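The chain contents come next:
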Amino acid sequence: MIAILSGVASSIIIARALGPEKNGVIAALTVYPVLFMSFGGLGISEATTYLLGRKILSEKQIRAGITQIWMFTSVIGAVTCYLLLTYFSKSGDNIYYVLLVLIPIPLTLFSDYFSGIYLAKGDIGFFNKLYWVPKLITVVLTATFLLLLMMDIEGVLIASIGGPLLMAVALFYKTNAVNAFSFHVEWGVIKRMLGLGSIYALNIFVILLNYRIDIILLDFLSIPYEVGIYTKGMGITEYLWQIPLIFSHVVMQRSAVAKDDKVFSLKVTQLLRLSLVVIGLASLVLFVLSEFLIVGMYGEAFRGSVSVLKILLPGILLLTFYKVMSTDLAGKGKPWITLKAMTMALPVNVLCNMYLIPKYGADGAAIASTISYSFAAFVFLHFYSKEVDIPVKTIVHFKKSDFDPIVEIIKKLRK
């Protein structure tokens, strides 16, 4: 809830203070660093959860491997994103802005790499702090820089550094990371972690590319105004994914240590059906109140985001299949199943965007996303069914017992 509210508050402050065009510039500046951090994470967090959770590697070995991988990827990430922004983005002309968006890369990667240790050990509380604390700090800094100090785009970019910086420093001391640094390269450990982690990383990268390719193509084929309009409509719909995300890391950790994989997967399908109901109802509310929410939060200048929001909702709902069940496969050490589905959806996304953006701008990007999300959802559902040996009919068939957890919660609240 803190993460959702912080994200919404940041979005409102930035929209009100800067307007659609500058929001578009910020989206274009941050898209490459976000994409790199998804791939540059190299799936280390997920690989750590699996390897430590199943006691394949010791915590000491993993810490040593993490620090050495982190030093290498931080440098590669900064250089790669600098080149992409300066040569392939219309918004990369301002070197000062480019340098500001590069700073969070090593900080975020450090927290991401070490987070898998706490997930593997079942310390969900601290693991979640690594997610919501930076968002809370960011919204406080955003409000300070934009509303009190009346700063511009640079205020938003500086605010985005604060959260990752604090968490990286805190994590450095909590994990006693200084003792993990060594000039002796743990080749065997690194090879083991990257062997599995690279599949997770490629999987995450392709998934995020499916989510962000529309922004990249809008930056090329349209104007900053359309990018700003699109990102605000898209931003609200993505908060719906916070519902399954609440359980995703718990699902992955439990899946990694589950003794009976099929029994656990049946529990995951129950979670899927409950998530579909909750997200479906929330989507209906968003559709009905879309104009009130968009204009009320962001102002009249963002009225064009209303149609973007409405168009995206069906695809967001269907992609719940992936959001819930992919974590089960990740915990089982099988991220390539998800990769197959999302790789097939990516060209669909690109082709639809290239055709629809010149015709319809932000709405065209939303249509393309809904088409590709729907395609990815049905393909992934088929692959998941085959992998866990549970028929699609069983996965999507609602039962009265599905709602027992909700009934139990209501009973406890009444007491």
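To continue, consider the side chain of Ser 372. Tracing the sequence through the fold places Ser 372 in helix α15 (residues 362–388). Non-local contacts of Ser 372, meaning those with residues more than four positions away in its chain, are made with Ala 345, Val 348 and Asn 349.

Bringing the confidence of the model for the chain into the picture now. With 85% of its residues at a pLDDT of at least 70, the chain reaches an overall mean of 81. Helix α10 (residues 242–257) is the least confidently modelled element of the chain, averaging 59 in pLDDT, while helix α4 (residues 95–102) averages 91, the highest of any element.

The geometry of an aromatic ring pair comes down to the distance between the two centres and the angle between the two planes. Counting across every chain of the model gives five aromatic pairs. On the numbers, 6.2 Å between centres and 35° between planes, the contact of Tyr 96 with Tyr 97 is tilted. With a relative accessible area of 40%, Tyr 96 lands in the partly exposed category. An aromatic cluster is present here, built from Trp 70, Phe 110 and Phe 172 joined pairwise through their rings. Over the ring of Tyr 298 we find Lys 232; its NZ or CZ atom is 5.3 Å from the centre of that ring. We note Lys 310 situated over the ring of Phe 287; from NZ or CZ to the ring centre the distance is 5.1 Å.

Okay, the side chain of Asp 214 next. Residue placement: Asp 214 occurs in helix α8 (residues 187–221). Arg 212 provides the closest opposite charge to the buried, unpaired Asp 214, separated from it by 5.8 Å. For Asp 214, the contacting residues outside a window of four places in its chain are Tyr 230, Asn 353, Ile 357, Ala 365 and Ser 369.

A surface patch of nonpolar side chains, about 1100 Å² in accessible area, is lined by Val 75, Val 79, Tyr 82, Leu 83, Tyr 87, Phe 88, Ile 95, Leu 99, Phe 220, Leu 221 and Met 354. Within the residue set of the nonpolar patch, elements represented by two or more residues are α3 (59–88), α4 and α8. Mapped onto the elements, Ile 95 comes out in helix α4.

The rules behind these values
Residues numbered from 1 in each chain as written. Predicted model: local features only at pLDDT ≥ 70, side-chain atom pairs only at ≥ 80, totals over all residues. Heavy atoms only, no water. Helix = DSSP H or I, 4+ residues; strand = E, 2+ residues; numbered from the N terminus. Contact = heavy atoms within 4.5 Å. pLDDT = per-residue confidence, 0-100. Phe/Tyr/Trp six-rings, centres within 6.5 Å; stacked < 30°, edge-to-face > 60°. Buried < 20%, exposed > 50% of the residue type's maximum accessible area, 1.4 Å probe, protein only. Lys NZ or Arg CZ within 6 Å of the ring centre and 35° of its normal. Lys, Arg positive; Asp, Glu negative; His and termini not counted. Salt bridge = Lys/Arg side-chain N within 4 Å of Asp/Glu carboxyl O. Patch = residues over 30% accessible without salt bridge, like charges linked within 9 Å, V, L, I, M, F, W, Y side chains within 5 Å. Areas by Shrake-Rupley, 256 points an atom, 1.4 Å probe, with all protein chains shown as cover.

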